[in-house]
Amino acid sequence: MANVVVIDAPPVPDTRRVSAAVAAAGVSSFALLYAPQPVLPQLAVAFRLDPGSASLAIGVATGSLAVAVLPLAWLAGLVGRRRMILWSVLLSAAIGLLLPLAPSFPVLLVMRAVQGVAIAGFAGVAAAYLADVVGTVRLAGAVGAMIAGNSVGGMLGRLGAGFTAGPMGWHGALLTVAAASGLCALYAARALSQPTDSMAERTAEGVTGQKDGAGMRLGAGLVAPFAVGALAMGAFVALYNAAGFRLTSPPLSLTPAAASLVFLSYAMGTASSAAAGRVAGRLGRSKGLVAALLVTAAGSVLTLSTSLPLVAAGFAVLTAGFFAAHAIANAWVTAEAAPHARGRAAGVYTLCYYLGSGAGGTVGSIVYGHAGWTSLIALTSAWLLLAIAAVLIRRRSPARIQAPTGG
């Protein structure tokens, strides 16, 4: 009888635990990143600022995040992506707890800049870490779960700050969000500190990650999702930066707490980002991305109405469209890049995404402050149309990119 040789396969990583931990890290990071957004009107009053200047509380953080993404993605290849995520979530939460103590707006901006750098450690490597651990077959679902966590964090951070700003002021609002984010950060750190004994996990800790910056070129096929990340995010943040000012001003004249309810629209983003992989699988990446961007533009046009229900519906629609577009573009970049280039490709996408956030959000707030909501909608719609054009140009090029499967 022939001898049978049994070869032990490497253990399969606990995908659910890893996805839950990364989602919790996303909740913490994005609650902290965008917590000041609903209190921008209060910051403007407290420090005697115009809307454009007040929006720097968001723009400085997202801008520093963008600048730090690539260096930290490279560093993660040396120290390990999991370790980078751990330090990121813990440090950003600690800075969040100190932020309400800022004695002046310039000091607050400096602290926000440092916090943005800390958050970059998560934002720049999370997708690549998931690809290493769960593999490309399950990547679309894992990235969708991560982005859903990001959107939940953005929603809860904004709602928490908006509802507590009235009775507690902006200091208490930011402190409340930081405390809740700290709990999520501790959970993420504890879950990610229990590594699985798989080759995929060791790869995530830097075995192949060290090659991320060596001899790697990003293909032209990634230009389209990079453009979508920058332009769509710029439009999205510009609209939400100005939302608090518009909703609390005539003719809507809502209270700050009521105005913060607009961030419930992020629930639509949570659902759409989780479903984006299936949509792209049916339509193809290009068609799915164009459809999501068109939905974003249609929702933004709805907000031109002076009817509060239509404005609320518009924010829900544009949020669903944006997060679907973000999920498809993010997965496109991570799946299309070569394994040794994955970390840098994800870093470049995140760089474009947050450069768009910082620049677009600030420019949009300035346009709103000087020319009003209609001009802001015209500007952001133009950005979304440019993003659509980038996708369509790529779709017609000879090197077509295949659609992802499932998600």
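The structure reproduced in this document is the subject of the present report. Note that the structure is a prediction, hence the values are computed from the model and not measured.

**Looking at helix α12 (residues 266–283)**
Part 1: In this model α12 runs 24 Å from its N-terminal to its C-terminal C-alpha over 18 residues, within 8% of the 26 Å that 1.5 Å per residue would give.
Part 2: Of all the bends found along α12, the most pronounced is centred on Ala275 and spans about 45°.
Part 3: Taken together, the buried positions of α12 are Tyr266, Gly269, Thr270, Ser272, Ser273, Ala276, Gly277 and Ala280.
Part 4: One or two steps after α12, the chain reaches Gly284, where phi turns positive at roughly 95°.

**Some words on unusual backbone geometry**
Part 1: For the bond from Pro250 to Pro251, the omega torsion is 5°, close enough to zero to count as cis.
Part 2: Within the secondary structure, Pro251 is located in the loop between α10 (223–247) and α11 (256–259).
Part 3: A positive phi angle, close to 55°, is found at Arg48, a residue other than glycine.
Part 4: Locating Arg48 in the fold gives a position in the loop between α2 (40–47) and α3 (51–54).
Part 5: Here the phi dihedral of Ser253 falls at roughly 50°; this positive angle occurs in a residue that is not glycine.
Part 6: Summarising the element assignment, Ser253 is placed in the loop between α10 and α11.
Part 7: Since its relative accessible area comes to 44%, Ser253 is described here as partly exposed.

**Section: the packing of helix α5 (residues 81–98) against helix α6 (residues 105–123)**
Part 1: At a closest axis distance of 7 Å, the pairing of α5 and α6 adopts a crossing angle of 155°. The angle between α5 and α6 places the two elements in the roughly antiparallel class. Every pair of crossing elements has a handedness; the one defined by α5 and α6 is left-handed. Between α5 and α6, the contacting residues are Met84, Ile85, Ser88, Leu91, Ser92, Ile95, Gly96 and Leu98 on the first element and Met111, Val114, Gln115, Ala118, Ile119, Gly121 and Phe122 on the second.

**Quick word on the packing of α10 against helix α14 (residues 308–336)**
Part 1: Direction vectors running N to C along α10 and α14 enclose 155°, while the axes themselves pass 10 Å from each other. With respect to α14, the element α10 is oriented roughly antiparallel. Judged by the sense of rotation from one axis to the other, the crossing of α10 with α14 is left-handed. For the pair α10 and α14, contact is made by Ala224, Pro225, Phe226, Val228, Ala232, Met233, Phe236, Leu239, Tyr240, Ala243, Arg246 and Leu247 and by Val311, Phe315, Leu318, Thr319, Phe322, Phe323, Ala329, Trp332 and Val333, respectively.
Part 2: Here the residues of the contact of α10 with α14 are counted per class, giving 19 nonpolar, one polar and one charged.

**Focus on the side chain of Thr350**
Part 1: Within the fold, Thr350 resides in helix α15 (residues 342–371).
Part 2: Of note is the side chain of Thr350, whose polar atom sits 3.3 Å from the backbone oxygen of Ala123.
Part 3: Excluding its chain neighbours within four sequence positions, the residues that come into contact with Thr350 are Leu65, Val69, Ala123 and Gly124.

**Here's the deal with the packing of aromatic side chains**
Part 1: Taken as a whole, this structure holds 17 aromatic pairs when the rule is applied.
Part 2: Seen from their ring centres, Tyr240 and Phe315 are 5.2 Å apart, and the 55° between their planes marks the pair as tilted. Highlighted residues: Tyr240 in helix α10 and Phe315 in helix α14, separated in sequence by 75 residues. Like Tyr240, the residue Phe315 is buried in the burial classification.
Part 3: A cation over an aromatic ring shows up here: Arg158 above the ring of Tyr240, its NZ or CZ 5.7 Å from the ring centre.

**Regarding a nonpolar patch on the surface**
Part 1: Residues Val295, Leu302, Leu310 and Val317 make up a contiguous nonpolar surface patch of about 270 Å² in total accessible area.
Part 2: Breaking the nonpolar patch down by element, the ones donating at least two residues are α13 (285–302) and α14.
Part 3: Position of Val317 relative to the elements: it lies in helix α14.
Part 4: A relative accessible area of 32% means that Val317 is categorised as partly exposed.

**Re the side chain of Ser265**
Part 1: Residue position: Ser265 is located in the loop between α11 and α12.
Part 2: Among all residues touching Ser265, those that are not within four sequence positions of it are Tyr240, Ala312, Phe315, Ala316 and Thr319.

**Comments concerning the nonpolar core**
Part 1: Counting 123 residues, the largest nonpolar core has Met146, Phe236 and Tyr354 as the members making the most contacts within it.
Part 2: Sort the elements by how many residues they give to this core and helix α8 (residues 139–192) lands first, with 18 residues.
Part 3: Sequence-distant contacts of Met146, that is, excluding residues within four places in its chain, are made with Val22, Phe122, Ala126, Ala127, Leu130 and Asn330.

**A few points about the environment of Val290**
Part 1: Mapped onto the elements, Val290 comes out in helix α13.
Part 2: Ignoring any residue separated from it by four or fewer positions in sequence, one finds Val290 in contact with Ile388, Val391 and Leu392.

The rules we used
- Residues numbered from 1 in each chain as written.
- Predicted model: local features only at pLDDT ≥ 70, side-chain atom pairs only at ≥ 80, totals over all residues.
- Heavy atoms only, no water.
- Helix = DSSP H or I, 4+ residues; strand = E, 2+ residues; numbered from the N terminus.
- Expected span 1.5 Å × (residues − 1).
- Bend = angle between axes of the 7 residues up to and from the residue.
- Buried < 20%, exposed > 50% of the residue type's maximum accessible area, 1.4 Å probe, protein only.
- Axes fitted to C-alpha atoms, helices over the stretch in contact; angles between N-to-C directions.
- Parallel < 35°, antiparallel > 145°, perpendicular 65-115°, else oblique.
- Left-handed = near helix turned anticlockwise from the far one by under 90°.
- Contact = heavy atoms within 4.5 Å.
- Nonpolar A, V, L, I, M, F, W, Y, C, P; charged D, E, K, R; others polar.
- Polar contact = N/O pair within 3.5 Å; in protein donor to acceptor, adjacent residues only side chain to side chain.
- Phe/Tyr/Trp six-rings, centres within 6.5 Å; stacked < 30°, edge-to-face > 60°.
- Lys NZ or Arg CZ within 6 Å of the ring centre and 35° of its normal.
- Patch = residues over 30% accessible without salt bridge, like charges linked within 9 Å, V, L, I, M, F, W, Y side chains within 5 Å.
- Areas by Shrake-Rupley, 256 points an atom, 1.4 Å probe, with all protein chains shown as cover.
- Salt bridge = Lys/Arg side-chain N within 4 Å of Asp/Glu carboxyl O.
- Core = buried A, V, L, I, M, F, W, Y, C linked by side-chain atoms within 4.5 Å.

That's the geometry; what it means functionally is another story.
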